[in-house]
Amino acid sequence: PYGVVNPVANAIRIYVENFFSCRDCANHFIIAANSIPYPNTDNDAVFWLWTLHNRANGRLAKDISEDPEYPKIQWPSTDNCPDCVNESLDIFSGTVTKMWNVPMLINYIKEIYSESNIEQNDLTPGAMTSSQCIDLLPVGSQGECRAIFVSRNP
């Protein structure tokens, strides 16, 4: 949208804007995406999407729609990636401040979503109907789906 942008970030933006089923969510995404510089490099795109994701989590934390199994936290937590964030305590105010280590954060995200951590499972034809493939990738003419799962424990 603004000169040369990373093609992956541009594809994500176009997908969310045109095909995301939650229109309120899509509108929030577009507003947030327009409020920060668009990425040019792949690393910029990783950081851009992470920023948008954590902004959404911050806005939705403690919302009635929050899934208690998957709370809306600022990701990754210090348990997930201790090197990604430094927390400091202001002894006068008692406030904890997070400072993200951006190079470590980008490396962590790229490792988590690397090809070696993505497990592809072909589901046999007839195992699911095409209407059950909504969050999966439909493949072939027989209505089979391919589920893609990302391991959170590299």
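Bear in mind that the values here come from a model prediction, so they are computed numbers and not experimental data.

Trainee: Just to check I follow, could you spell out the pairing of strand β2 (residues 96–100) for this structure?
Mentor: Within a regular strand, side chains alternate between the sheet's two faces. Strand direction decides the pairing type here: strand β1 (residues 85–89) and β2, joined by five bridges, are antiparallel. Within β2, the position partnered with Asn 86 by the bridge is Met 99. Connecting β1 to the next strand, β2, in antiparallel fashion are six residues, including Gly 94 with a positive phi near 80°.

Trainee: Mind showing me how you'd approach the packing of aromatic side chains here?
Mentor: Aromatic rings considered in pairs are described by the distance between their centres and by the relative angle of their planes. Evaluated as defined, the whole model comprises seven aromatic pairs. Aromatic pair Phe 29 and Trp 48: ring centres 6.0 Å apart, planes at 85°, arrangement edge-to-face. Here Phe 29 is found in helix α2 (residues 23–34), whereas its partner Trp 48 is found in helix α3 (residues 42–60), with 19 residues between them in sequence. Take Phe 29: its relative accessible area is 15%, and that puts it in the buried class. Here the aromatic rings of Tyr 38 and Trp 48 are separated by 5.6 Å at their centres, their planes lie at 35°, and the arrangement is tilted.

Trainee: How should a nonpolar patch on the surface be read in this particular structure?
Mentor: Together, Leu 89, Ile 91, Phe 92 and Val 96 give the surface a local cluster of nonpolar side chains, amounting to about 530 Å² of exposed area. Structurally, Val 96 is set in strand β2.

Trainee: Even after reading the chapter, I still don't get helix α4 (residues 102–112), so can you show me in this structure?
Mentor: Along an α-helix, residues three or four apart share an orientation, since each turn contains 3.6 residues. Taken together, the buried positions of α4 are occupied by Leu 105, Ile 106, Tyr 108, Ile 109 and Ile 112. With its buried residues spanning 160° around the axis, α4 presents them on a single face.

Trainee: What is the right way to look at the pattern of salt bridges in this model?
Mentor: Pairing of side chains with opposite charge becomes possible as their charged atoms draw close. Taken as a whole, this structure holds one salt bridge when the rule is applied. Salt-bridge contacts for Glu 17 lead to Arg 13; the nearest nitrogen and oxygen are separated by 2.8 Å. Within this pair, Glu 17 and its partner Arg 13 are both found in helix α1 (residues 7–19), separated by four residues, close to a single helical turn. Residue class for Glu 17 comes out partly exposed when judged on its relative accessible area of 32%. Judged by its relative accessible area of 10%, Arg 13 is buried.

Trainee: How should the nonpolar core be read in this particular structure?
Mentor: In summary, soluble globular proteins display a tendency toward joint burial of nonpolar side chains. Ranked by size, the top nonpolar core spans 13 residues in total, and within it Phe 29, Ala 33, Tyr 38, Trp 48 and Leu 52 carry the most contacts. When residues of this core are traced back to their parent elements, those giving at least two are α1, α2 and α3. When residues in this core are grouped by element, the largest group, five residues, is from α2. Core analysis: the next-biggest nonpolar cluster, separate from the first, contains 10 residues, Val 46, Cys 84, Ile 106 and Ile 112 among them.

Conventions we followed
Residues numbered from 1 in each chain as written. Predicted model: local features only at pLDDT ≥ 70, side-chain atom pairs only at ≥ 80, totals over all residues. Heavy atoms only, no water. Pairing = 2+ DSSP bridges. Helix = DSSP H or I, 4+ residues; strand = E, 2+ residues; numbered from the N terminus. Phe/Tyr/Trp six-rings, centres within 6.5 Å; stacked < 30°, edge-to-face > 60°. Buried < 20%, exposed > 50% of the residue type's maximum accessible area, 1.4 Å probe, protein only. Patch = residues over 30% accessible without salt bridge, like charges linked within 9 Å, V, L, I, M, F, W, Y side chains within 5 Å. Areas by Shrake-Rupley, 256 points an atom, 1.4 Å probe, with all protein chains shown as cover. Salt bridge = Lys/Arg side-chain N within 4 Å of Asp/Glu carboxyl O. Arc of directions from axis to C-beta. Core = buried A, V, L, I, M, F, W, Y, C linked by side-chain atoms within 4.5 Å.

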